[in-house]
Amino acid sequence: MFRRGKKQSKEVIENRVLKLIGQKRSDAYKQRMSFMRLGDKNPAWNFINPHIKTIHRRFRNKYGKAVLCGHCGSTVNVEWSNKNHAYDFVRKDWRQLCRSCHNKYDYDKNKRTKPYSKKG
Ligand SMILES: [Zn+2]
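Residues numbered from 1 in each chain as written. Predicted model: local features only at pLDDT ≥ 70, side-chain atom pairs only at ≥ 80, totals over all residues.

S.K.: Pulling in residues and values, what's your account of the overall build of the protein?
M.R.: Helix and strand counts for the protein come out as 4 helices and 2 strands. Order of helices (α) and strands (β) in the protein, N terminus to C terminus: α-α-α-β-β-α. Taken across its 120 residues, the protein has 8% of its residues classed as buried. Restricting the contact set of the protein to residue pairs at least 6 apart, pairs at least 24 apart contribute 34%. (Helix = DSSP H or I, 4+ residues; strand = E, 2+ residues; numbered from the N terminus. Buried ≥ 20, exposed ≤ 12 C-beta atoms within 10 Å, placed from the backbone. Contact = placed C-beta atoms within 7 Å.)

Below, the structure written as structure tokens:
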């Protein structure tokens, strides 16, 4: 077994790798691997009612990080904002807004009851 502070020799590592080859994978392992599949390739992808944060994360993953507020020109705390709050994956329906402008915009649309928390 692996002992802390002691480096494993090449032979030991190779033997372990050889043992692993041809080894049957358990169902739990397969399940774990399936969850490592990203995005909509993942069977656990939630199509029906994803959380708003999930939508924003997916959009960011697809179109990259928002960097420039289209309203005030700020470059800090910039996030993607969905114009019509339909949250379709249509690029033109989204724009980059800093957190402050995003808050105001959403607040005007009555989509937010309280200011965006710093944690979110
Ligand atoms: Zn702004």
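S.K.: Hey, could you go over the environment of Lys-92 for me, with residue numbers and the actual values?
M.R.: Topologically, Lys-92 is positioned in the loop between strand S1 (78-82) and strand S2 (94-98). Linking Lys-92 and Asn-82, residues 10 residues apart in sequence, is a C-alpha distance of 9.1 Å.

S.K.: Go over unusual backbone geometry with me, naming the residues and quoting the values.
M.R.: With phi around 55°, Asn-77 is a residue other than glycine that occupies positive phi space. Within the secondary structure, Asn-77 is located in the loop between helix H3 (52-63) and S1. The exposure class assigned to Asn-77 is partly exposed, which follows from the 15 C-beta atoms found within 10 Å. The phi angle at Tyr-87 is positive, at roughly 55°, despite the residue not being glycine. For Tyr-87, the location among the structural elements is in the loop between S1 and S2.

S.K.: So what's going on with the confidence of the model for the protein? Residues and values would help.
M.R.: Taken as a whole, the protein shows an average pLDDT of 77; of its residues, 67% reach a score of 70 or greater. Across the protein, the element-wise mean pLDDT spans from 67 in helix H2 (residues 27-36) up to 94 in S2. (pLDDT = per-residue confidence, 0-100.)

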